[in-house]
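Topology and contacts: notes
The primary structure of each chain is shown beneath.
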Amino acid sequence: MSALIKLDAVDAWGAPSVLRAPHSSGAVFFASSTSTSRVEKRNIDRAEACFITNDSSYVHEQAHWINDIRGKEEKDKVLKIKIVLFLLLQGIVCPTFTLDHPSNLTNLDSRLHSAMDKFGMFAVTCTQATLDAFIEMVQKENEVARERAEEGTDYARNLKIRTASETAEYEVVVLQPKHFLPNKSCLTRYATQNGLVEIPKLYQVDSHGVLREAPATADSPRYPPFRFAGNRERGGKLNPYLVILAAEIKFRRYRAAPNAPRLDAEYEALITKTIELANLLYSEPITGANAQRFFYEPSEEMDVDDDETSESHATPDPEMGFRANDAGGSTARSLNGEGGTRRPNFNWRSLLSGHGER
């Protein structure tokens, strides 16, 4: 039997660090010295509750919304650079972004994580009101970009990432109701009031495939909208645009399936709005000198974090608008085969779906 893994301290719970005893054979072997493959590298606090259910657990998984590329071969490194480069040029993420950045991570119950990412039983997207607000903003930014392009002037979209992260509300969309929570199984949600957890409520999938308060009937309240509640530093809160792109991938696959179940009208409306917003986010990237100024020298009216514009992030590369020592660097510049900042000829949806060229 393998050694138990060390339990790290979680100050917010008053939980101390717990070391493990040696093997019964007497060998001096602690779980904390096992291979790194068994020890999760965490970039967010274990004390953060599950993003969806708000329950706390040491064994919650640190989930990526845009999936990370874990391979160590050169082609895997290049693929990771392509994804980050695309998100940066689109203005979707902050200039310090990597796939392991906190804005791409939340804690999730391991069963929910598997049901969502591995099996596509449900997805998380934004509420109708949030989607409408984002669509209006991105449409305006895209229109300005088109006008500037006609004038021959570069323009970088300002998607107000920090404000979006603080105001976004989210919803669960059940895509496979017969597989998610079968036999009247329940999902427990822990609501909070004034920082204290209230009595948990149980939710079931009703006969129409809608997640509702148990016992689920047509009149039962739907699973409520929720916000990201993690206590993080500025710039580290969950980026809702990454949640949107992840949801659009699942929705597109759902609609492409030959035997996809028919969904509730509200779910269908959320799917349609999410795809509409994703299409706007996938608009042509903005590059050139103005992109450099957007990433490193924003004007006062641009809504960015102070830490995203600090000179401590090093000198911008004048060709890319990235830091000269950034992971993108010369490798990213070579992706289009000609240097400069022309958009690489990739299917970005396929790339973010994990089906890009490897």
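Analysis parameters
- Residues numbered from 1 in each chain as written.
- Predicted model: local features only at pLDDT ≥ 70, side-chain atom pairs only at ≥ 80, totals over all residues.
- Heavy atoms only, no water.
- Axes fitted to C-alpha atoms, helices over the stretch in contact; angles between N-to-C directions.
- Helix = DSSP H or I, 4+ residues; strand = E, 2+ residues; numbered from the N terminus.
- Parallel < 35°, antiparallel > 145°, perpendicular 65-115°, else oblique.
- Left-handed = near helix turned anticlockwise from the far one by under 90°.
- Contact = heavy atoms within 4.5 Å.
- Nonpolar A, V, L, I, M, F, W, Y, C, P; charged D, E, K, R; others polar.
- Salt bridge = Lys/Arg side-chain N within 4 Å of Asp/Glu carboxyl O.
- Buried < 20%, exposed > 50% of the residue type's maximum accessible area, 1.4 Å probe, protein only.
- Phe/Tyr/Trp six-rings, centres within 6.5 Å; stacked < 30°, edge-to-face > 60°.
- Lys NZ or Arg CZ within 6 Å of the ring centre and 35° of its normal.
- Pairing = 2+ DSSP bridges.
- pLDDT = per-residue confidence, 0-100.
- Expected span 1.5 Å × (residues − 1).
- Polar contact = N/O pair within 3.5 Å; in protein donor to acceptor, adjacent residues only side chain to side chain.

The contact between helix α3 (residues 128–151) and helix α6 (residues 265–281) brings their axes to 9 Å, and the two run at 25°. Our classification of the angle between α3 and α6 gives roughly parallel. Considering how the two elements wind past one another, α3 and α6 form a crossing that is left-handed. Contacts from Q128, L131, D132, F134, I135, V138, Q139 and N142 of α3 reach α6 at A269, L270, K273, T274, E276, L277, L280 and L281. Broken down by class, the residue content of the contact of α3 with α6 amounts to 9 nonpolar, 4 polar and 3 charged.

A word on the pattern of salt bridges. The final tally for this structure, using the stated rule, is 13 salt bridges. A salt bridge links K140 to E136, with the nearest nitrogen and oxygen atoms 3.5 Å apart. With a gap of 4 residues between them, K140 and E136 both fall in helix α3, about one helical turn apart. Among the residues examined, K140 registers a relative accessible area of 53% and is labelled exposed. E136 gets classed as partly exposed once you look at its relative accessible area, which sits at 45%. For E248, the salt bridge goes to R252, with nearest N and O atoms at 3.3 Å. With E248 and R252 both in helix α5 (residues 240–256) and 4 residues apart, the pair spans about one turn of that helix. Accessibility expressed as a relative area gives 30% for R252, which makes it partly exposed. Within this structure, R222, D264 and E266 form a network of salt bridges that share partners.

In this structure the tally under the stated criterion is 10 aromatic pairs. Ring plane angle 50° and centroid distance 6.4 Å describe the contact between F51 and F228, whose orientation is recorded as tilted. On the criterion of sequence distance, the pair formed by F51 in the segment before β1 (61–64) and F228 in the loop between β9 (211–213) and α5 is long-range, its members being 177 residues apart. Per residue, the accessibility class of F51 equals that of F228, and both read buried. Between Y203 and Y223, the ring centres sit 4.8 Å apart and the planes meet at 70°, which makes this aromatic pair edge-to-face. With Y203 in strand β8 (residues 201–205) and Y223 in the loop between β9 and α5, the pair connects residues that are 20 residues apart, well separated along the chain. Under the relative-accessibility criterion, Y203 is labelled buried at 4%. An aromatic cluster of three or more residues is present, and its members are F51, W65, Y170, Y203, Y223, F226 and F228. The ring of Y58 has R46 lying over it, and the distance from NZ or CZ to the ring centre is 4.1 Å. Sitting over the ring of Y267, R222 keeps its end group 5.2 Å from the ring centre.

Our focus in this paragraph is the sheet that holds β9. If you trace the 3 strands from one edge of the open sheet to the other, you get β5-β8-β9, paired in antiparallel fashion. At either end of the open sheet lies a strand with only one pairing partner, and these are β5 (187–189) and β9. Across the sheet, the mean angle separating the axes of adjacent strands is 40° when strand polarity is ignored. As judged from the 3 bridges shared by β5 and β8, these two strands associate in the antiparallel manner. Along β8, the bridge assignment pairs T188 with L202.

Note that N183 resides in the loop between β4 (170–174) and β5. Judged by its relative accessible area of 79%, N183 falls in the exposed class. When the C-alpha atoms of N183 and V205 are compared, they prove to be 9.4 Å apart, with 22 residues separating the residues in sequence.

Moving on to the confidence of the model for the protein chain. Across the protein chain, pLDDT averages 78, with 70% of residues at or above 70. Predicted confidence is poor over residues 26–38, with pLDDT under 50, and the contacts of this stretch with residues over four places away or in other chains come to 18 contacts. The model gives residues 286–345 a pLDDT under 50, and that stretch makes 111 contacts with residues more than four places away or in other chains.

As a packed pair, α5 and α6 sit with axes 9 Å apart at the nearest point and diverge in direction by 120°. Accordingly, the angle class assigned to the pair α5 and α6 is oblique. Considering how the two elements wind past one another, α5 and α6 form a crossing that is left-handed. Packed against α5, whose contacting residues are Y241, I244, L245, A247, E248, F251, Y254 and R255, the element α6 presents E268, L270, I271, T272, T274, I275, L277, A278 and L281 at the interface. Of the residues in the contact of α5 with α6, the class split is 12 nonpolar, 2 polar and 3 charged.

Attention now moves to the pairing of strand β2 (residues 105–108). Side-chain alternation along β2 places L105 and N107 on one buried face and T106 and L108 on a second face that is also buried. Relative to β2, β1 runs antiparallel, the two sharing 4 bridges. Looking across to β2, one finds that Q62 is bridged to N107.

If you check α5, its first and last C-alpha atoms are 24 Å apart, about what 17 residues at 1.5 Å a residue would give, namely 24 Å. Structurally, the start of α5 carries an N-cap: the backbone nitrogen of Y241 is 2.9 Å from a side-chain oxygen of N239.

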